[in-house]
Amino acid sequence: MLGSVSKTPLLVFDLMDTVIADPFYREVPLYLETTLAELLVVKHPTSWVEFELGLSDEASFLSRFYRTDAGLRLEQPEVFKEVFFSAYRFVPGMEALLTELKRTQPLWVLSNYSPWFQVARERLGLDRFFDGYCVSCNTGYRKPSRESYLAVTAQTGESNYLLIDDRQPNITGAQAAGFEGILFTDADALRSKLLSRGIVGRA
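What comes next concerns the included structure.

Parameters and conventions
Residues numbered from 1 in each chain as written. Predicted model: local features only at pLDDT ≥ 70, side-chain atom pairs only at ≥ 80, totals over all residues. Heavy atoms only, no water. Helix = DSSP H or I, 4+ residues; strand = E, 2+ residues; numbered from the N terminus. Rg over C-alpha atoms; globule rule 2.2 N^0.38 Å. Areas by Shrake-Rupley, 256 points an atom, 1.4 Å probe, with all protein chains shown as cover. Lys, Arg positive; Asp, Glu negative; His and termini not counted. Charge placed at Lys NZ, Arg CZ, Asp CG, Glu CD. Buried < 20%, exposed > 50% of the residue type's maximum accessible area, 1.4 Å probe, protein only. Axes fitted to C-alpha atoms, helices over the stretch in contact; angles between N-to-C directions. Parallel < 35°, antiparallel > 145°, perpendicular 65-115°, else oblique. Left-handed = near helix turned anticlockwise from the far one by under 90°. Contact = heavy atoms within 4.5 Å. Nonpolar A, V, L, I, M, F, W, Y, C, P; charged D, E, K, R; others polar. Pairing = 2+ DSSP bridges. Polar contact = N/O pair within 3.5 Å; in protein donor to acceptor, adjacent residues only side chain to side chain.

Considering the overall build of the chain
Along the chain, the regular secondary structure elements total eleven helices and five strands. The C-alpha radius of gyration of the chain comes to 18 Å, within 12% of the 17 Å expected for a compact globule of 203 residues. By its C-alpha atoms, the chain is 70 × 35 × 25 Å across when sized along the principal axes. Working note: accessible area of the chain is about 10,500 Å², and carbon and sulfur atoms make up 52% of it. Where the 21 positive side-chain charges of the chain centre and where its 26 negative ones centre are 5 Å apart.

Written as structure tokens, this is what we have:
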């Protein structure tokens, strides 16, 4: 009897704080001259999520950046955007790891993000690495909803997936949808985990 052939799973990457450092946590508080903890108190609780789901546009998000009772507004939205966009950068080590992975296999993105992912895509040259993008602003579904994972399976037509994501609830949701998952902490740890699975070779 012939043994079954093991197929390397399609690697599916979260974007923010997995591939790209999220500007919200460092550059945005610095620009607004506040701390992250203080910002979390006054920011609007749903405007970003609505922007990520395609339920509101950029202008609406920027006008509703703060809670309505905070008595605050973004004084220069265009400057805010440029501060945000100019801070897009790879998580340390990820550009090199993606370069290595892309030599041997296709890579995809499954991300909760707004249309601003297109800015990051262009500025960082993400098309060098990724064959496709499944982003919540286009699908209308955010991880960890089951529908978000089904959206990427519908686009790719594969049967075997490995999600790499920095949030445990997203990994748990992926596993419930039949994906494998790796919780991302840093590029070196990810490379070690991929090496143990035979997905990358020894450096």
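Re unusual backbone geometry
Of note, the amide linkage connecting Lys143 to Pro144 takes the cis form, showing an omega dihedral of 10 degrees. Structurally, Pro144 can be placed in the loop between helix H8 (136–139) and helix H9 (146–156). The backbone of Asp17 shows a phi angle near 65 degrees, a positive value even though the residue is not glycine. Residue placement: Asp17 occurs in the loop between strand E1 (10–13) and helix H1 (27–31). Classification of Asp17 as partly exposed rests on a relative accessible area of 25%.

As for the packing of helix H6 (residues 94–102) against helix H11 (residues 187–196)
Look at H6 against H11: their axes get within 9 Å of each other, and the N-to-C directions meet at 25 degrees. Of the possible angle classes, the one that applies to H6 and H11 is roughly parallel. Viewed along their axes, H6 and H11 form a crossing whose handedness is left-handed. Between H6, through Met94, Leu97, Glu100 and Leu101, and H11, the contact on the second element is made entirely by Ala187, Leu190, Arg191 and Leu194. Residue composition of the contact of H6 with H11, by class: six nonpolar, no polar and two charged.

Remarks on the pairing of E1
Along any regular strand the residues' side chains alternate between the sheet's two faces. Residues Leu10 and Val12 of E1 are buried on one face, and the alternating residues Leu11 and Phe13, pointing to the opposite face, are buried as well. Here four bridges tie E1 to strand E4 (residues 161–165), and the two strands are oriented parallel to one another. Paired with Leu11 across the bridge in E4 is Leu162. Across three bridges, the pairing between E1 and strand E2 (residues 107–111) is parallel. The residue bridging Val12 from the neighbouring strand is Trp108, located in E2.

Side note on the side chain of Asn112
Relative to the assigned elements, Asn112 resides in the loop between E2 and helix H7 (117–123). Judged by its relative accessible area of 13%, Asn112 is buried. Within the structure, the side chain of Asn112 is placed 2.7 Å from the backbone nitrogen of Lys143, a separation counted as a polar contact. Beyond its immediate stretch of four places on either side in the chain, Asn112 contacts Glu52, Ser136, Tyr141, Arg142 and Lys143.

Here's the deal with the sheet that holds strand E5 (residues 180–183)
An order of E3-E2-E1-E4-E5 is seen for the five strands of this open sheet, with the pairing classed as parallel. Lying at the two open borders of the sheet, with one neighbouring strand each, are strand E3 (132–135) and E5. Along the sheet, successive strands turn relative to each other by an average axial angle of 25 degrees, direction set aside. Together, E1 and E2 form the strand contacts of H6, whose direction differs from that of E1 by roughly 155 degrees.

Structural notes on the environment of Val79
Here Val79 shows up in helix H5 (residues 77–86). With a relative accessible area of 34%, Val79 lands in the partly exposed category. C-alpha separation for the pair Val79 and Leu195, spaced 116 residues apart in sequence, amounts to 42 Å.

Interpretation note: all reported values are geometric properties and have no functional meaning in isolation.
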